[in-house]
Number of protein chains: 2
Amino acid sequence: MPPAPSASSRAHDLHATASQRLRSDGQRYTTNRRALVALLDTTDHPVTIAEVLTLRAGLAQSSVYRNLAVLEQAGVVHRVVANDEFTRFELAQDLTEHHHHLICSACGAVADFIIEPHLEASMADAFAPGGEQTGFLTEHHRLDLVGHCADCR
Amino acid sequence: MPPAPSASSRAHDLHATASQRLRSDGQRYTTNRRALVALLDTTDHPVTIAEVLTLRAGLAQSSVYRNLAVLEQAGVVHRVVANDEFTRFELAQDLTEHHHHLICSACGAVADFIIEPHLEASMADAFAPGGEQTGFLTEHHRLDLVGHCADCR
DNA sequence: ATGAGTGCAAAGGCTTTGCATTAGG
DNA sequence: CCTAATGCAAAGCCTTTGCACTCAT
């Protein structure tokens, strides 16, 4: 495995990639969209719309919804569905690192975590064929652990 | 592994268990609640509220929401979060068979499926310790495959 | 100049709640 | 009997949409 890129080079790649994917989708990489991508790059967990509005006061709520939808369509961000009523967003996993989620069933908090590579590989092997048997074409898998976070134990 | 129980004995166990869990929670096993459990026992996928109202016309919408919440609290049913805006419910997996979900990213459909026992075991082994490292207490894991169903391929 | 993007406000749609009535134990 | 459960309707809340204005190309 190559060493992790530095923060600055990763940020450069990130915005360059985001811009490119939006262009391919006929969309512009505007100031607001860049701000959203930059924000998602700073967090270690998927963020809710409310968090976005708090962390980046000044963004219009409707623009946040619309831009996250555009970014999702372009494959830059990914919609995360947890246990509560709030939709969360994170950077697409091919822009970060493939990971999974710890979901607190008490407070709804979501944190990222990574599993051992060999288990990840086992799952990758097992799932594609499993899906095909039923006429289902697998795009990706979603593995979450549901339990209680440190604050709610 | 013991042979699967017959449908009738399983139904008996199911309702007896449901009743018992509700009692433990200070709740009654009413006609409507029994109807919900019976309905969930007939499906091979988690059902939305809309499906419940269609399949069991006559149940009041608010009662369905309230009773599913009560049944969830008592550990009889389980809330399933997929990719769309609809909440789905299924029987708790200790009343059925541990399984996973195929989620169609196009139409939102959810189907049940089962993975190989050895992989299931690998995951069970890997997850509990992985969670503890971060102060997270794992209750259960959630593994879904997201892709396109036969109708949407 | 010209269409995409933005912000504000209003509308939508799933879900929850209030309250009077009914039924379970 | 007496409390919990039910049904209907209204309210809540996250999310989406309409529309006029602004900005980038």
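Computed from a prediction, not measured in an experiment: that's the story for all the values here.

Scoring rules and cut-offs
- Residue positions are given per chain, counting from 1 as you read along its sequence in written order.
- Ligands are numbered from 1 and chains lettered from A, in the order in which they are written.
- Residue-level local features of this predicted model are given only where pLDDT is at least 70; pairs of side-chain atoms are given and counted only at 80 or more, and the full residue set underlies all totals for whole chains, interfaces and linings.
- Derived side-chain values reflect all non-hydrogen atoms in the structure, with water molecules and hydrogen atoms excluded from consideration.
- The criterion for strand pairing is that DSSP finds at least two bridges linking the strands in question.
- Helix and strand labels come from DSSP, where a helix needs a run of H or I of at least four residues and a strand needs a run of E of at least two; each type is numbered from the N terminus.
- As a rule, the C-alpha atoms of each element are fitted with a line to give its axis, helices using only the stretch in contact, and angles between N-to-C directions run from 0 to 180 degrees.
- One heavy atom suffices: a residue is near a molecule or strand as soon as one of its heavy atoms comes within 4 Å of it.
- Polar contact is defined as a pair of N or O atoms within 3.5 Å, subject to the rule that within protein one atom must be able to donate a hydrogen and the other to accept it, and that residues adjacent in sequence are counted only when both atoms are side-chain atoms.
- Note on residue categories: nonpolar means Ala, Val, Leu, Ile, Met, Phe, Trp, Tyr, Cys or Pro, charged means Asp, Glu, Lys or Arg, and polar means any other residue, Gly included.
- Any pair of residues with heavy atoms lying within 4.5 Å of one another is described as a contacting pair.

Peer 1: Talk me through the sheet that holds strand E6 (residues 137-148) of chain B; I want residue IDs and the actual numbers.
Peer 2: Within the open sheet, the six strands sit side by side as E5(A)-E4(A)-E6(A)-E6(B)-E4(B)-E5(B). Their pairing is mixed. Pairing within the sheet leaves two strands with one partner each, and these edge strands are strand E5 (110-113) of chain A together with strand E5 (110-113) of chain B. The sheet shows a mean angle of 30° between the axes of neighbouring strands, taken without regard to direction. As defined by bridge partners, strand E6 (residues 137-148) of chain A adjoins E6 of chain B across eleven bridges and the pair is classed as antiparallel. The partner of Thr138 of chain A across the bridge, within E6 of chain B, is Gly147 of chain B.

Peer 1: Break down the protein's contact with DNA strand C for me, with residues and values.
Peer 2: Neighbouring residues of DNA strand C: 22 residues in total, closest Arg33, Ser62, Arg66 and Asn67 of chain A together with Tyr65 of chain B. Within the contact set of DNA strand C, a phosphate oxygen lies 3.3 Å away from a backbone nitrogen or oxygen of Arg28 of chain A. Between a base oxygen of DNA strand C and a side-chain N or O atom of Arg66 of chain B, the distance comes to 3.1 Å. Among the elements of the structure, helix H2 (31-42) and helix H4 (61-73) of chain A together with helix H4 (61-73) of chain B are those that each provide at least two residues to the surface near DNA strand C. The residue makeup of the surface near DNA strand C, split by class, is four nonpolar, eleven polar and seven charged.

Peer 1: Can you lay out the sheet that holds strand E2 (residues 77-81) of chain A for me, pointing to particular residues and giving the numbers?
Peer 2: Residues and elements named next belong to chain A. Here we have three strands laid out as an open sheet, ordered E1-E3-E2, and antiparallel in their pairing. Two strands in the sheet have a free side with no partner beyond their single neighbour: strand E1 (47-48) and E2. In terms of strand pairing, E2 meets strand E3 (residues 87-91) through five bridges, oriented antiparallel. Bridge pairing links Val80 to Arg88 in E3. Packed on one face of the sheet, H2 meets E1, E2 and E3 and runs near 85° to E3.

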